[in-house]
Structure formats: structure tokens, C-alpha cells
Amino acid sequence: MKILIKNGTLVTAFETFQADVLIEDEKITRIGLNLEADSAQVVNASGKLILPGGVDPHTHFDLPMFGTVSSDDHYTGHKAAAFGGTTTVMDFVPQPPPSSPISSGNGGGIKEGVDLWMEKAAKAAIDYSFHMNLTHFDENVAKEIPSLREMGITTLKVFTAYNGKLRLDDGGIFKAMRIAKENGMLVMAHCENGDIIDTLVAEALSTGHTTPEWHARTRPAWGAVESTLRVAGMAAEIDAPVYIVHMNVGGEVDMLKYARERGVKAMGETCPQYLFFTIDHLRRADGAKWICSPPMRTEKDNARLWEGLHDGTLQTVGTDHCAFYFDGTQPVIYEGREIAIAGKELGRDDFTKIPNGLPGVQDRMPVMWTYGVRAGHITPNQFVAYNCTNPARIFGLYPRKGALTPGADADIVIWDPEKKVKYGVAQSHQRTDYNLYEGWELTGYPEKVFLRGKLIVDGEQWLGKSGDGQFLKRGEGEVL
Ligand code: DUC
Ligand code: ZN
Ligand code: ZN
């Protein structure tokens, strides 16, 4: 099958130029001016931009939490991603706790966790890969980590918060980072201060402070700043790369800059929610919609994060997509069926019971185009770098993904830079009952989305299906 996309303007992480693109079967085979190809189906992209499919390095589909589960699974979340121009997602595999019945095998629980996630993701509609959450660490776990490489999983996420649940102590993180380095793997760090959070949460609850705002007030920004430096310090000591996920505080950007200026291989991701929202959103009557961890901060933090993208201190924009319904007692119609999944209402009287997480996998590229590129914070090439190319490079998928080049997978977005959309839940395929960007005016939107040469989104039309997505085995990534 041949498809010839003619007259478009290609935007890569490095340059912008006019060219035609020839797709043969699943790959891009030629890029050049005035291409011709016998029997090719021609798509006229005059006036449109051609971008590589987005790569979202940070999602949580079908994730059990607080007695419910995140409401987008590995099909619905993939479909939503595709409508927003994303064709590859990387999801986090929970490590079963040692007490879990599925953790029996060799004691580390890693293989069992991955097997379970493979099963869940069999319904994939776009290409996907996994990161491994490392939430307990002992000799058995240490021995099992290298086996992840054979599975094509070259990343470990560690937490400096969620004491007694997800957190590793500093010694555990340090040892895991050493093993990761020896095996060409990358540690991703969730940076907050678990001890201080637990102290403040207990105090807030005992003094009757139960509203969503207290979610942010009990997770101080300084905890994120100091733990970012702490983890970067470990990376410096080991000479290992580290990637700080969901950076949300201006001071974290300062710490990242400090570390990078000293040659530390530290990289950083932020997410749209930390660029646009603040603790004030948690003070609204529907503040639970904005509950995620780490929390929203201040306008000053928003501005510093934008600056970090503008000057290249940060490398990627992920979503941390982990959708929940605002009111899960009311079903949502999804593909003709009523679906109700318990959500944020679980914490109506206690912020600690509100499932943590936000929708965003579809929203990322459209909102970053209008309010990032058009607003002058980042260039179109930076947009492609942060949303597509850098995640592919850092996580070992480049140039198969995130690239417009012969030999790359034909994951292509035809982007209409002039299309105006009043965005919100009505345009969103994310399976939840709200959208954080409700009523936002967008200019620029995906028109057609190809996954390995197959047209899966055509305007409003969904042409993809469950099973279209492939698991991507990843190799060693680059340090950017
Ligand atoms: N934060 C969230 O808000 N949800 C899922 C995981 C995370 O780190
Ligand atoms: Zn996290
Ligand atoms: Zn996350």
C-alpha cells in the first residue's frame, strides 16, 4: 500500500521545510520535493503541517487506585491519544507488593507485573511501551531488574514519596540507579518529600481540613525541589542518567539547571497541567477535578516551567494521564454503552480519598500548540521535540518513532494550523465526564493521524481499532 502526502510543510524537532512524504506499507520511504509514485493514494496536505506522531512518555491506563480504577483503559486511552495526535504511549507497570499472590515466582514481582500489564494492553489501539514502577527493593528485586532489558523495558520509576506504599528509601533508589546504569537503563524519579507529606496530611485531617485545596497544601513545593536535587545528586555520584517526571515547581527547574550545568545527566519532563493551572483551581467547588500528585502550584511556577521549556532546560512534555470521573455515580456513554466507574466523588468528604490523576492524553498536543506555540512560549520545532522526538530519543525508540525520515514508522499527523475548535468534553474521547480545558479556544488541531501507515483518525472519524497497537521493545536511550 502506498500513500503519497503532497504539498505539506514538514515540522521536525530540527527544521521546517516543504516536502512530499511517501509511505509504503508501515514505513516512510521517501521525503522530497515533487515526489511521484505509481498507484499511490494521494493526500493533498497543502496549507497543512506534517508532524511525527506524538509520543506520550507518561500515562496510567486501567490503574487500580483507592478502590476504583482509572477510567481510560488501554483501548479508550489510546483512541483518545490518537485524536490528539499521539501515536505512541508509555504506561507504568505497577510492581506487585511482596505480599501479592502474583508476586510468588522469584520474589521480585517484576515479571508478574509485566505479564499482567501485557494482558491488559492486548486491546491496544496505538503503539505502546512500558516503564517499570519500582516500589520495593531487595536482593531478589535487584537480581530481577536486568531481565527487564530482554523484555524491552529499559526504565525504572522510583518514588521519594508515598511512604509505606510506593516509596523506596534513598539507599534503595541509589542501589537501583547503580543497577540501572550497569544495564543501560534509565531511572525516572517522582520527586516529593514523603515524610513531610505524611506529617502534614495527618495534621490537616486531625484539624478538620478535608477540602481539595489541602491536597496541595500538604504536599509542599520545597519537598519537590529538594528531592529533585537529592535524586540528581545520586545521579552525579553514580554518573548515571536520571529523568525527573512531572516537574511542577519552578525551583525544580532551577535544580535541574544547576545539575545540568555541572554535567549531571539529569533530564526533566513537565505536563500541561503544571503550565496552566494553580492551587486556585483546587479551591473551586469542583476542585477535585484538579487533584493529582504532585499538585498544582502557583502562577510563578507556571512561568518558570514555561521558561524551562523555552530555554531547553526541560526535555519533554508528558501528560501523566490518569483519568477519573468527577462524578462516577453518573454513567458516561462510551461507544454506545453506558459506563460508570467510581471516581473523584469517593473523596467528597476527605481529600485523601480522592483518586489522584487527571485526563490529558488527548489534550496535550492541541493545548500546547495554541497556548505554547501560538502564545510564543515555544517554537514549532520545540513543540515537536518535546511532544514527539525527545521522548522517543530518551526512551530508546528513535528514529523508529518521533521522526520524519525514511525508514521511520509512518506515524504521521497532518495538522491543520488554522482549524479553530472550542475545546472541551464534547470534543474529547477521554473516557471521563469532564475536561480541564473546557471552553478553551484552540487554533490548530490534528486533521488526519496515521499509525504505521494506517489512517486511524480522519477529522471526527475513528478508523482505528482495538488490536492495532503493537508493544514496542525499547533499547538504551539517549541522554539529552
Ligand atoms: N500521580 C497521579 O496523580 N496519578 C497517578 C500517578 C501519579 O504519579
Ligand atoms: Zn509520579
Ligand atoms: Zn504518573
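Note that this is a predicted model, so its numbers are computed, not measured.

## A few points about the layout of surface pockets
Think of a ball as big as a water molecule: rolled over the atoms, this probe shows where empty space is left.
Part 1 of the reasoning: Computed from the structure, the largest pocket encloses a volume of approximately 1200 Å³.
Part 2 of the reasoning: Lining the largest pocket are 44 residues; nearest its centre among them are Met65, Phe66, Tyr162, Lys165 and Leu166.
Part 3 of the reasoning: For the lining of the largest pocket, a count of residues per class yields 22 nonpolar, 16 polar and six charged.
Part 4 of the reasoning: In this structure, the second largest pocket occupies an estimated 220 Å³ of space.
Part 5 of the reasoning: Surrounding the second largest pocket, 18 residues form its lining, Pro212, Ala285, Ala288, Phe326 and Arg348 being those nearest its centre.
Part 6 of the reasoning: Looking at the lining of the second largest pocket, its residues break down into six nonpolar, four polar and eight charged.

## Concerning the pairing of strand S10 (residues 127–133)
Part 1 of the reasoning: In terms of residue burial, S10 counts as a mostly covered element, since seven of its seven residues are buried.
Part 2 of the reasoning: The two faces of S10 match: Asp127, Ser129, His131 and Asn133 on one face and Tyr128, Phe130 and Met132 on the other face are all buried.
Part 3 of the reasoning: Alignment of strand S9 (residues 86–93) against S10, held across six bridges, turns out to be parallel. Opposite Asp91, over in S10, you have Phe130 as the bridge partner.

## A look at the side chain of Arg219
Part 1 of the reasoning: Relative to the elements of secondary structure, Arg219 occurs in the loop between helix H7 (213–217) and helix H8 (221–238).
Part 2 of the reasoning: Residue classification places Arg219 among the buried positions, given a relative accessible area of 8%.
Part 3 of the reasoning: A distance of 2.9 Å separates the side chain of Arg219 from the side chain of Glu192, its partner in a polar contact.

## Concerning the coordination of the zinc ion (ligand 2)
The expected angle between donors at a tetrahedral four-coordinate metal is 109.5 degrees. At an octahedral six-coordinate metal it is 90 or 180 degrees.
Part 1 of the reasoning: In the first shell of the zinc ion (ligand 2), the protein supplies Lys157 (NZ), His190 (ND1) and His246 (NE2), at 2.1 to 2.2 Å from the metal.
Part 2 of the reasoning: Around the zinc ion (ligand 2) sit four donor atoms, and with donor-metal-donor angles ranging over 88 to 129° the site reads as tetrahedral.
Part 3 of the reasoning: Within one chain, the residues donating to the zinc ion (ligand 2) are spaced in sequence as K-x32-H-x55-H.
Part 4 of the reasoning: Here the zinc ion (ligand 2) and the zinc ion (ligand 3) are spaced 3.8 Å apart.

## Remarks on the environment of Glu15
Part 1 of the reasoning: Mapped onto the secondary structure, Glu15 falls in the loop between strand S1 (2–11) and strand S2 (16–24).
Part 2 of the reasoning: Residue classification places Glu15 among the partly exposed positions, given a relative accessible area of 45%.
Part 3 of the reasoning: A sequence separation of 367 residues divides Glu15 from Gln382, and the C-alpha atoms of the two residues are 9.8 Å apart.
Part 4 of the reasoning: For Glu15, the contacting residues outside a window of four places in its chain are Leu10 and Asn381.

## Re the coordination of the zinc ion (ligand 3)
Part 1 of the reasoning: Distances from the zinc ion (ligand 3) to its protein donors, His58 (NE2), His60 (NE2) and Asp320 (OD), fall within 2.0 to 2.1 Å.
Part 2 of the reasoning: Every donor residue of the zinc ion (ligand 3) comes from the same chain, spaced as H-x1-H-x259-D.

## Re helix H12 (residues 299–310)
Part 1 of the reasoning: Taking 1.5 Å of rise per residue, twelve residues should cover 16 Å, and H12 covers 16 Å from first to last C-alpha, within 8% of that figure.
Part 2 of the reasoning: Buried within H12 we find Asp301, Asn302, Arg304, Leu305, Trp306, Gly308 and Leu309.
Part 3 of the reasoning: Looking one or two residues beyond H12, the residue adopting positive phi is Gly312, at roughly 85°.

## Some points on the environment of Asp458
Part 1 of the reasoning: In this structure, Asp458 sits in strand S20 (residues 454–458).
Part 2 of the reasoning: Between the alpha carbons of Asp458 and Phe83 there is a distance of 8.8 Å; along the sequence they are 375 residues apart.
Part 3 of the reasoning: If sequence neighbours within four positions are ignored, Asp458 has contacts with Glu447, Lys448 and Leu463.
Part 4 of the reasoning: A polar side-chain atom of Asp458 sits 2.8 Å from a polar atom in the side chain of Lys448.

## A word on empty space enclosed by the protein
Part 1 of the reasoning: In this structure the tally under the stated criterion is one cavity of 30 Å³ or more.
Part 2 of the reasoning: By volume, the largest cavity is sized at about 90 Å³.
Part 3 of the reasoning: Lining the largest cavity, in full, are Phe83, Gln362, Gln427, His429, Tyr445, Pro446, Val457, Gly459 and Glu460.
Part 4 of the reasoning: Of the residues belonging to the lining of the largest cavity, the class tally is four nonpolar, four polar and one charged.

## So, the side chain of His246
Part 1 of the reasoning: Along the chain, His246 turns up in strand S13 (residues 242–247).
Part 2 of the reasoning: In this structure His246 comes out as buried when scored by relative accessible area, which is 1%.
Part 3 of the reasoning: Side-chain polar atoms of His246 contact the side chain of His190, separated by 3.0 Å.
Part 4 of the reasoning: What His246 contacts, discounting residues up to four positions off in sequence, is His58, Lys157, His190, Glu269, Cys271, Tyr274, Ser293, Pro294 and Asp320.

## Brief notes about the pattern of salt bridges
Part 1 of the reasoning: What the rule picks out here adds up to 34 salt bridges.
Part 2 of the reasoning: For Asp286, the salt bridge is made with Lys289, and the minimal N-O distance between the two is 3.1 Å.
Part 3 of the reasoning: Judged by its relative accessible area of 17%, Lys289 is buried.
Part 4 of the reasoning: Linking Lys401 and Asp409 is a salt bridge whose minimum nitrogen-to-oxygen distance equals 2.8 Å.

## Structural notes on the site of ligand 1
Part 1 of the reasoning: Around ligand 1 sit His60, Met65, Lys157, His190, His246, Cys292, Ser293, Asp320, Cys322, Asn356 and Gly357, and that is every residue in its neighbourhood.
Part 2 of the reasoning: The backbone of Ser293 places a nitrogen or oxygen atom 2.7 Å from a nitrogen atom of ligand 1.
Part 3 of the reasoning: Contact distances for ligand 1 include 3.0 Å between a nitrogen atom and a backbone N or O atom of Asn356.
Part 4 of the reasoning: Judged by the proximity of its atoms to the pocket grid, ligand 1 belongs to the largest pocket.

## Examining unusual backbone geometry
Part 1 of the reasoning: Here the bond from Ser293 into Pro294 is cis, since omega is -5°, no more than 30 degrees from zero.
Part 2 of the reasoning: With respect to the helices and strands, the residue Pro294 is situated in the loop between helix H11 (279–282) and H12.
Part 3 of the reasoning: The omega torsion across Tyr398 and Pro399 is 5°, close enough to zero to call that bond cis.
Part 4 of the reasoning: Its identity as a non-glycine residue notwithstanding, Asn34 has a phi of 50°, on the positive side.

## Topic: the domain arrangement of the protein chain
The parts lose accessible area when they come together, and the size of an interface is often stated as this lost area.
Part 1 of the reasoning: Along its sequence, the protein chain is organised into domain 1 (2–51 + 400–462) and domain 2 (54–394).
Part 2 of the reasoning: For domain 1 versus domain 2, the distance between C-alpha centres works out to 27 Å.
Part 3 of the reasoning: At the interface, 45 residues of domain 1 touch 58 residues of domain 2.
Part 4 of the reasoning: Here domain 1 and domain 2 share three salt bridges between them.
Part 5 of the reasoning: In this structure, Lys401 and Asp127 form a salt bridge, with 2.7 Å as the shortest nitrogen-oxygen distance.

Rules and cut-offs
- Residues numbered from 1 in each chain as written.
- Chains lettered and ligands numbered in written order.
- Predicted model: local features only at pLDDT ≥ 70, side-chain atom pairs only at ≥ 80, totals over all residues.
- Heavy atoms only, no water.
- 1 Å grid on protein atoms, 1.4 Å probe; cavity = no way out; pocket = protein on both sides within 12 Å on 5 of 7 lines; lining within 4 Å.
- Points joined across faces, edges and corners; volume = space filled by probe spheres on them.
- Nonpolar A, V, L, I, M, F, W, Y, C, P; charged D, E, K, R; others polar.
- Buried < 20%, exposed > 50% of the residue type's maximum accessible area, 1.4 Å probe, protein only.
- Helix = DSSP H or I, 4+ residues; strand = E, 2+ residues; numbered from the N terminus.
- Pairing = 2+ DSSP bridges.
- Polar contact = N/O pair within 3.5 Å; in protein donor to acceptor, adjacent residues only side chain to side chain.
- Donors = N, O, S within 2.8 Å, 3.2 Å for Na, K, Ca; no water.
- Tetrahedral: all angles 85-135°; square planar, octahedral: opposite > 155°, others 65-115°.
- Contact = heavy atoms within 4.5 Å.
- Expected span 1.5 Å × (residues − 1).
- Salt bridge = Lys/Arg side-chain N within 4 Å of Asp/Glu carboxyl O.
- Near = heavy atom within 4 Å.
- Sits in = over half its atoms within 2 Å of the grid points.
- Domains from an automatic or database assignment.

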